[in-house]
Amino acid sequence: MIMLPKSQLIQAVSRAVSRGTPASSVLPDVTPPLKVVVEPPPKKLTNYSLALSTPNSAITSSCSIAGVSQVRWAHTDLKVPDFSNYRRDQTKSSSANAVESDGIRKMTSYLLVGAGAVAATYTAKAVVRGIVGNLSPAADVVALAKVEVKLSDIPEGRSMKMKWRGKPLFIRHRTDEEIEAEAQVDISTLRHPETDLDRAKNPKFLILIGVCTHLGCVPIADAGDFGGYYCPCHGSHYDGSGRIRKGPAPFNLEVPPYEFLDENVVVVG
Amino acid sequence: MAALVGRSTKQALLRAKPALSNQQATFVTLKSKTSKRVAWFLGSLAVGGGTVVAGALAQPTFASDLVLHPPKFPWSHNGPLQTLDHASIRRGYEVYKQVCAACHSMQYVCYRNLVNVIMTEDEAKAEAEEAMVEDGPNDVGEMFERPGKLSDHFPSPYKNEEQARAANNGAYPPDLSYIVQARHGGEDYIFSLLTGYSDPPAGVKLMDGQHFNAYFPGGAIGMAQALYNEIIEYSDGTPATQSQLAKDVCVFLKWAGEPEHDSRKLYGMRALIILSFLLGVAYYMKRLKWTTVKTRKLAFKPPSYK
Amino acid sequence: MSSLANLSKNLYHAVFRRTSTFVIAVVVLAYPFERAFNVGTERYFRFINKGKFYDDIKGQFGQDAEEE
């Protein structure tokens, strides 16, 4: 072929084309170069040289409409290393029946992983319980949450005041007349209707939290117009069952949770 | 230039030198036999461990180390799965209450801590009620005394450190709640100290009110020997020899400083079982998932250059 | 045994094949496993420490001082 700069060739041809003469008449006379013999590169065992020597006749090809269409070479000269360290024993031999060992192979893997997952779930549960349980109240706080009161210390007709969970606790040993009087009150007239029996499990003892439901002052016992408590801050009158009768308080005095362990001992809280 | 023409005319010989000409076709694999891996692991362990031992042995001896170290006694709670002996804790509590509580406080231990460890709730309540505890202020603002409840701490014999020092020749009897953890040597040290009183050797001068104990750093301790044979009677009938008393009070103090001891060892055993099983499963899973990577074969099929 | 193969085949198709069923099975099995493991380890722990726990010595320190 002619060795000329591309631009010169294009220019010459375009001139010839515009004049309408065949291109061969304007092309300069060039002697073809001498034939240079290039030594072939030394034969190496590279992928390249190997690829050149791969057979292009000993092939299998399959062609189908819905199946696989492929051309396969017979790579019998490629060496594949031995991977038997990573293979299962049941399928190492080429004559082994894979279908027979399918159950064992699958089950070992899935069961081991499943057992590991169960152990990991157990660990996760323990960790979460530990972290969330850390938020629960400390043992000394829980120990102070309940208070035990010996009711025999309180004579009849008298009340006792003590501190419980930071709040005043009133315990009154009521006389029979007081109990009678409270039982006969018509609850429909009350601002916060509750029967006396709802509030005092054992009517002999009235256990209340001494915090006025209006704005939180501590009512005075045995005071007021209704034979119960009177709050000096804004003039709320409570009766002998701690129910609001007169004054600005909206609810009856709160009854804490309590239990009688026996005749004489009550656990509040 | 030649490359340009070569490309435009598709003459293979004029193509630029192929980059693949130096490539050797080899498969790189790790002949990973189990024995080789194990050998490597053990070898690296040995080298690491040897370094640590050599470093430890190369430390110089300091003069402050010259104190009589207590021997290691065969406590029944030594060992990763051994619990404290609760009968011994109970006896130790009796020793503390009758002998040590006269001078030593245990202000971080409460009566409720004893429940279901060495006594029932009712017994602990009775113990608490024996002590008078200061409470208050009452309605008129005064402090008052009342019998103890379960939620109260053990009462202190002195109101404050100054009073304690004044009553004990200037030496403060330390609070015993965490003493086993606060002293080098733990319960071995406490036991040796309690049973280690002797006459001072020739030449050692003690001041008034001091006593000689070879295990106490410095040798001159303010506490007189407190434990003698049969100074108290145990409620379960165990003979109250000096070493028995010392052993029981040490176990009690060990419990007081580490009340979580028993459950800690139980949880530790559970954790070790589960985690070692999980380690094995994790190793299996890693090897299973990596089979696709470890058996990967890449065959490069270059385009033909004809 | 072909019944074992059958069982493993059914187990695979019912539980292991889908991740969702696998996860449900693992979580459901974790509860009885937790209880069994905790009870088992505690029993073993109590066995190797026999005589040292409070429950073992409860009767010893009664009002009437019994012999140990």
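Residues numbered from 1 in each chain as written. Chains lettered and ligands numbered in written order. Predicted model: local features only at pLDDT ≥ 70, side-chain atom pairs only at ≥ 80, totals over all residues. Heavy atoms only, no water.

- By the naming in an unreviewed UniProt entry, chain C is Complex III subunit 9, taken from Elysia crispata.
- Per UniProt, chain C carries the Function (unreviewed entry) text "Component of the ubiquinol-cytochrome c oxidoreductase, a multisubunit transmembrane complex that is part of the mitochondrial electron transport chain which drives oxidative phosphorylation. The complex plays an important role in the uptake of multiple carbon sources present in different host niches."
- Entered under Sequence similarities (unreviewed entry) in the UniProt record, the comment concerning chain C runs "Belongs to the UQCR10/QCR9 family." (UniProt positions renumbered as here; feature names shortened; annotations may be inferred.)

- Chain B carries the name Cytochrome c1, heme protein, mitochondrial in an unreviewed UniProt entry, which gives Elysia crispata as its organism.
- Regarding chain B, the UniProt comment filed under Sequence similarities (unreviewed entry) reads as follows: "Belongs to the cytochrome c family."

**Some thoughts on the UniProt feature "transmembrane region" (unreviewed entry) in chain C**
Stage number 1. Within the UniProt annotation, "transmembrane region" (unreviewed entry) is assigned to residues 15–33 of chain C.
Stage number 2. The distance separating the terminal C-alpha atoms of residues 15–33 of chain C is 18 Å; by composition the span is 89% helix and 0% strand. (Helix = DSSP H or I, 4+ residues; strand = E, 2+ residues; numbered from the N terminus.)

**With respect to the state of the cysteines**
Stage number 1. Tallied over the full model, the rule gives 1 disulfide over all chains.
Stage number 2. Between the sulfur atoms of Cys217(A) and its disulfide mate Cys233(A) the distance is 2.0 Å. Residues Cys217(A) and Cys233(A) share a disulfide whose torsion about the S-S bond is about -95°; that sign makes it left-handed. Of this pair, Cys217(A) sits in the loop between β6 (205–209) and β7 (220–223) while Cys233(A) sits in the loop between β8 (228–231) and β9 (236–238); the two residues are 16 residues apart in sequence, bridging distant segments of the chain.
Stage number 3. A relative accessible area of 37% places Cys233(A) in the partly exposed class.
Stage number 4. The thiol of Cys231(A) is not disulfide-bonded; the next cysteine sulfur, from Cys212(A), is found 3.7 Å away.
Stage number 5. Residue Cys231(A) is classed as buried on the basis of its relative accessible area of 2%.
Stage number 6. The closest cysteine sulfur to the non-disulfide-bonded Cys250(B) is located on Cys100(B), 9.6 Å from its own sulfur.
Stage number 7. A residue is classified by how much of its surface remains accessible, and Cys250(B), at 0% relative accessible area, is buried. (Disulfide = S-S within 2.5 Å. Buried < 20%, exposed > 50% of the residue type's maximum accessible area, 1.4 Å probe, protein only.)

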